Amino acid sequence: MTTRENSALRADGFTKTYRRVRALDGVSFGVRPGEVLGLIGPNGAGKTTLFECLAGVLPLDAGTLRHGDRLVSLTDRASLIFYMPDGIAPWSAQRLRWALDFTIGFFGGEAEGRDAVVRELDLAPLLDAPIGTLSKGQRKRALLGIGLLTPHPFLLVDEPFDGLDLRQTREVAGVLRAHASAGRTLFLSIHQIADAERVCDRFVLLSGGRVRGEGTLQELKGQASDRGPERAAPPGPANLEEVFLALT
Amino acid sequence: MPRVRGGTFRPAFVWLLAKEWRELMASRAWWVMLAAMGPLVGVSFISAMRTYAEVSGLGGTAAGVGEALSPLVGIWAPTFSACEIAAAFLLPFVAIRLVDRQSGALKLEVQHRMSPLARITAKAIVLLAGWLVAMAAPLVAILLWKLYGGVAYPPELATIAAGHLLNAGLTVALAAAAAALTDHPSTAAIATLSVTVGTWIVNFIAAVQGGVWERAAGYTPTAMVAEFQHGLVRADVVLIALALVGGGLSVAAIWIRLGVRASRRAFESVAVGLVTAIVIVACSFARASADMSENRMNSFSERDETALRQIHAPLKIEAHLAAEDPRRVDLEHRALSKLRRVMPNLSVDYVSSTSIGLFEQTSAHYGEIWYDLGGKRTMSRVTTAEGVLEAIYELAGVRAPEGDDDVFRGHPLAVPPTGAPLIFYVSWPALVLAAAFLVRR
């Protein structure tokens with residue numbers, strides 16, 4: 001069975017140019033339902049651009065997005081995909097408690113899930129703090145909470161572990177896996193390969209605006225081997241870091 | 001789509017309105033504007049009150065001078081002019097803040113399938129509600145005026161308040177469009193203030209050049225507010241202002257669609273601009289108007305208006321007066337603006353070869369005002385309302401109506417504004433600061 005046949009969401013030929021810089025160059029990949037897909041790439045690989053184009057908050061130069069067999073318009077994305085950018089401080093003067101309620105009310109999330117998300121991400125001590133006063137790690141957890149409370153089947157999170165310490169990273173990885181197990185499809189942009197290995201089922205390797213590989217760790221290792229012995233990852237248990245270096 | 005929260009259903013639009021209101025309450029710019037409104041209105045009101053009291057006889061002014069006083073011109077026009085200053089220089093900063101492209105909130109909110117126009121409309125509604133709160137300052141002035149024993153005529157107060165609300169709507173639409181078009185609030189602020197200064201330049205050129213500029217200047221916010229401040233509601237002015245508000249908000253709605261290509265958004269903006277221009281041209285032909293002033297300052301006497309309505313032939317007036325000639329200003333304001341309201345078939349041409357007219361005085365025809373009514377012509381040099389009416393009645397063969405309507409005697413009030421400085425300069429800012437502290441805590 002090919003990736004295309006399994007894909008709930010399929011991006012084809014995503015291309016985006018900023019003036020003379022080609023940020024995305026014919027990017028194609030699939031997202032399967034209920035999986036945690038990791039978008040792996042170094043800084044400047046085009047990860048954020050790809051997410052923004054997928055979510056429809058940045059115009060594409062070329063490319064199509066399909067959900068099953070259906071072409072997804074810009075309007076359709078609003079009920080299909082939710083994108084949580086990195087490094088933002090939305091509604092900074094408002095308390096986190098209100099932001100979570102607003103997310104549920106405005107986007108139509110499940111009010112019943114609010115307490116669980118607060119508990120999972122340890123947000124209770126932050127509920128009465130204005131979002132603008134939260135530290136980087138606290139804000140990251142708050143933004144993840146907002147993202148997890150939206151009802152969209154596909155959740156895109158840019159750098160979900162950025163700003164979190166080791167313990168928090170492990171806890172958040174567990175929370176994300178639990179939500180994926182409950183049926184939510186997660187697509188995470190991660191530049192720390194060790195973090196990605198911990199949480200993702202499959203990976204899309206992006207470098208220089210191009211997809212260099214797509215699949216599970218084993219599949220990627222196979223792709224690296226196919227490109228010749230000089231590019232193959234070292235023998236032994238598959239390691240995403242080495243596979244990434246081999247494929248990019 | 002209804003949303004669940006605490007067992008109640010609220011549409012997304014209501015959530016957005018509530019969010020915008022909370023953001024407004026959290027906005028320092030709005031609280032600063034609110035705090036500034038007290039002193040701004042206060043200085044205008046107190047100054048106007050003092051002048052009004054002196055003219056009304058306080059301090060030994062000649063008896064009877066105050067009888068012609070109208071609170072609309074003497075008190076409310078200057079008092080409400082503070083709102084014009086706030087709308088031009090303070091409100092843009094409040095409005096720009098609400099199209100927030102910096103914090104990332106817009107990127108989250110645009111992922112709801114709500115139409116961008118509905119999104120912008122929610123922002124505009126909340127901003128105008130915030131503006132109405134700020135207009136509590138002139139309301140305090142009205143209450144003080146009543147406490148001092150002044151007479152207030154509600155229709156003219158409602159007219160002047162509506163004019164300033166419409167002016168605020170123009171500012172909000174302009175600021176929203178600028179904020180949506182630009183990446184940074186400071187750029188949006190510069191763009192908004194540039195447009196405001198641009199309208200002043202149009203007014204200046206109109207005063208010098210006349211002609212098309214003069215017609216265009218009639219629809220600038222300054223000119224629009226001036227008409228409302230004189231108690232005049234013109235359909236063309238209201239419709240054009242609403243068209244501009246609609247156009248500005250539509251452009252803002254186009255540009256907050258972050259996922260649409262800039263070239264397409266630019267094309268759509270040009271289309272909105274063209275449609276708005278067509279609507280504006282169409283609206284400029286609307287002739288309906290209402291004089292809401294108590295002293296009918298925008299109208300001839302009722303007897304004269306009845307007589308003028310019996311004249312159906314087209315009337316052409318050719319005035320040989322330069323744009324900056326004071327006689328032309330007199331002619332326009334004392335006679336022609338009133339004449340346009342009762343004679344829809346009136347056309348006016350100003351003829352001059354210079355803008356100030358100083359060096360045309362020796363020209364034989366300079367200063368002549370030619371009247372052509374259905375082919376019959378006459379000439380006069382009189383620029384007063386009486387002179388203009390006399391010329392028209394003579395051409396039409398209509399007898400000038402005799403007798404006077406009830407003459408407006410004015411509402412003199414020889415009372416100083418006792419306590420007003422304390423209220424506007426101390427109590428108002430203190431209350432606003434206390435409210436800001438409590439709300440933003």
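Residues numbered from 1 in each chain as written. Chains lettered and ligands numbered in written order. Predicted model: local features only at pLDDT ≥ 70, side-chain atom pairs only at ≥ 80, totals over all residues.

## Focus on the overall build of chain B
Okay, so step 1: What chain B contains, in helices and strands, is 17 helices and eight strands.
Okay, so step 2: Here the C-alpha coordinates of chain B stretch approximately 75 × 55 × 45 Å along the principal axes.
Okay, so step 3: Across the 441 residues that make up chain B, the buried fraction comes to 42%.
Okay, so step 4: In chain B, the proportion of contacts linking residues at least 24 apart, taken out of those at least 6 apart, comes to 77%. (Helix = DSSP H or I, 4+ residues; strand = E, 2+ residues; numbered from the N terminus. Buried ≥ 20, exposed ≤ 12 C-beta atoms within 10 Å, placed from the backbone. Contact = placed C-beta atoms within 7 Å.)

## Topic: the overall build of chain A
Okay, so step 1: Looking only at helices and strands, chain A features 10 helices and 10 strands.
Okay, so step 2: Against the compact-globule benchmark of 18 Å for 248 residues, chain A has a radius of gyration of 18 Å, which places it among compact chains.
Okay, so step 3: Here the C-alpha coordinates of chain A stretch approximately 55 × 40 × 35 Å along the principal axes.
Okay, so step 4: Buried positions account for 49% of the 248 residues belonging to chain A.
Okay, so step 5: For chain A, the proportion of contacts with a sequence separation of at least 24, taken over those separated by at least 6, is 68%. (Rg over C-alpha atoms; globule rule 2.2 N^0.38 Å.)

## What about the pairing of strand β4 (residues 62–67) of chain A?
All names here are of chain A.
Okay, so step 1: Where strand β1 (residues 9–18) lies against β4, five bridges are found, and the strand directions are antiparallel. Within β4, the residue paired with Arg10 across the bridge is Arg66.
Okay, so step 2: In the sheet, β4 pairs with strand β5 (residues 70–71) via two bridges, with the strands oriented antiparallel. Bridge pairing links Arg66 to Leu71 in β5.
Okay, so step 3: Hairpin connection, β4 to β5: the antiparallel pair is bridged by two residues, and Gly68 has positive phi, about 65 degrees. (Pairing = 2+ DSSP bridges.)

## Observations concerning the sheet that holds strand β7 (residues 154–158) of chain A
Residue and element names in this part refer to chain A.
Okay, so step 1: Strand order in the open sheet formed by six strands is β6-β7-β8-β3-β9-β10, with mixed pairing between adjacent strands. Here the strands that pair on one side only, and so sit at the sheet edges, are β6 (81–84) and β10 (210–215). The mean angle between the axes of side-by-side strands here comes to 15 degrees, regardless of whether they run parallel or antiparallel.
Okay, so step 2: Bridge count for strand β9 (residues 202–207) against β10 is five bridges, and the pairing is antiparallel. Within β10, the residue paired with Phe203 across the bridge is Gly215. (Axes fitted to C-alpha atoms, helices over the stretch in contact; angles between N-to-C directions.)

## Re the packing of helix α8 (residues 154–181) of chain B against helix α9 (residues 185–209) of chain B
Residues and elements named next belong to chain B.
Okay, so step 1: Two elements in contact, α8 and α9, have axes separated by 8 Å at closest approach and are oriented at 140 degrees. Viewed along their axes, α8 and α9 adopt a mutual orientation that is oblique. Both α8 and α9 take part in a crossing whose hand is right-handed. Across the interface between the two elements, Leu174, Ala175, Ala178 and Ala179 from α8 touch Pro185, Ala188, Ala191, Thr192 and Val195 from α9.
Okay, so step 2: Of the residues that constitute the contact of α8 with α9, the class distribution is eight nonpolar, one polar and no charged. (Parallel < 35°, antiparallel > 145°, perpendicular 65-115°, else oblique. Left-handed = near helix turned anticlockwise from the far one by under 90°. Nonpolar A, V, L, I, M, F, W, Y, C, P; charged D, E, K, R; others polar.)

## As for the domain arrangement of chain B
Residues and elements named next belong to chain B.
Okay, so step 1: One can read the domain layout of chain B as domain 1 (10–292 + 416–440) and domain 2 (311–396).
Okay, so step 2: The gap between the C-alpha centroids of domain 1 and domain 2 is 35 Å.
Okay, so step 3: Counting residues at the interface gives six residues for domain 1, matched by six residues for domain 2.
Okay, so step 4: Among the elements that take part in the side of domain 1 that touches domain 2, α9 stands out by supplying three residues, more than any other. (Domains from an automatic or database assignment.)

## Overview of the confidence of the model for chain B
Any residue range with low pLDDT should be treated as having predicted coordinates unsuitable for detailed reading.
All names here are of chain B.
Okay, so step 1: Chain-level statistics for chain B give a pLDDT mean of 90 and a share of 94% at 70 or above.
Okay, so step 2: For chain B, per-element mean pLDDT is lowest for strand β1 (residues 2–5), which scores 41, and highest for helix α7 (residues 136–147), which scores 97.
Okay, so step 3: Contacts from residues 1–7, a stretch scored under 50 in pLDDT, to residues over four places away or in other chains number 18 contacts.
Okay, so step 4: Predicted complex metrics record ipTM = 0.91 and pTM = 0.88. (pLDDT = per-residue confidence, 0-100.)

## What to know about the environment of Thr17 of chain A
Residues and elements named next belong to chain A.
Okay, so step 1: If you trace the backbone, Thr17 turns up in strand β1.
Okay, so step 2: Classification of Thr17 as partly exposed rests on a count of 14 C-beta atoms within 10 Å.
Okay, so step 3: When the C-alpha positions of Thr17 and Asp61 are compared, they lie 7.0 Å apart, and in sequence the two are 44 residues distant.
Okay, so step 4: Those residues in contact with Thr17 that lie beyond four places of it in its chain are Arg22, Ala23 and Asp61.

## Some remarks on the nonpolar core
Okay, so step 1: Among the nonpolar cores identified, the biggest contains 171 residues, and Ile40 and Leu156 of chain A together with Met33, Ala86, Ala176 and Ala252 of chain B are the most heavily contacted of them.
Okay, so step 2: Those residues in contact with Ala86 of chain B that sit more than four places away from it in its chain are Met33, Ala36, Met37, Leu40, Leu91 and Ala134 of chain B.
Okay, so step 3: Among the nonpolar cores identified, the runner-up in size contains 22 residues, and Leu321, Ala335, Leu336 and Tyr371 of chain B belong to it. (Core = buried A, V, L, I, M, F, W, Y, C linked by C-beta atoms within 7 Å.)

## What to know about the interface of chain A and chain B
Okay, so step 1: On the side of chain B, 25 residues touch chain A, which itself brings 27 residues to the contact.
Okay, so step 2: At the level of secondary structure, the elements contributing two or more residues to the side of chain A that touches chain B comprise α3 (74–80), β6 and α4 (96–107) of chain A.

## Considerations on the confidence of the model for chain A
Residues and elements named next belong to chain A.
Okay, so step 1: Mean pLDDT over chain A: 89, with 92% of residues reaching 70 or higher.
Okay, so step 2: Ranking the helices and strands of chain A by mean pLDDT puts β7 first, with 97, and helix α1 (residues 3–6) last, with 42.
Okay, so step 3: Residue range residues 1–6 is modelled with pLDDT below 50. Its contacts to residues more than four positions away, or to other chains, number seven contacts.

## Examining α8 of chain B
Okay, so step 1: Along its 28 residues, α8 of chain B runs 40 Å from first to last C-alpha, staying within 8% of the 40 Å computed at 1.5 Å per residue.
Okay, so step 2: Buried residues dominate α8 of chain B, accounting for 21 of its 28 residues. (Expected span 1.5 Å × (residues − 1).)

## Concerning the environment of Glu368 of chain B
All names here are of chain B.
Okay, so step 1: Counting through the fold element by element, Glu368 comes out in the loop between β6 (346–350) and β7 (369–373).
Okay, so step 2: On a C-alpha basis, the gap between Glu368 and His320 in space is 5.3 Å, while along the polypeptide they are 48 residues apart.
Okay, so step 3: Each residue touching Glu368, except ones within four places of it in the same chain, is listed here: His320, Met379 and Arg381.

## A word on the sheet that holds β6 of chain B
Residue and element names in this part refer to chain B.
Okay, so step 1: Spatial strand order, β6-β5-β7-β8: four strands in an open sheet with mixed pairing. Each having just a single partner strand, β6 and β8 (376–380) make up the two edges of the open sheet. Strand-to-strand twist of the sheet, defined as the mean angle between neighbouring strand axes without regard to direction, takes the value 15 degrees.
Okay, so step 2: The pairing of β7 with β8 spans five bridges and is classified as antiparallel. In the sheet register, Ile369 faces β8, and the bridge partner there is Ser380.
Okay, so step 3: Strands β5 (315–319) and β6 of the sheet are contacted by helix α15 (residues 326–342), whose axis makes an angle of about 165 degrees with β6.

## Let's talk about unusual backbone geometry
Okay, so step 1: For Trp91 of chain A, which is not glycine, the phi torsion reads 45 degrees and is therefore positive.
Okay, so step 2: Topologically, Trp91 of chain A is positioned in the loop between β6 and α4.
Okay, so step 3: Taking the C-beta count within 10 Å as the criterion, Trp91 of chain A has 25 such neighbours and is therefore assigned buried.
Okay, so step 4: The phi dihedral of Arg296 of chain B is positive, around 50 degrees, even though this residue is not glycine.
Okay, so step 5: Relative to the helices and strands, Arg296 of chain B is located in the loop between β4 (289–291) and α14 (302–309).

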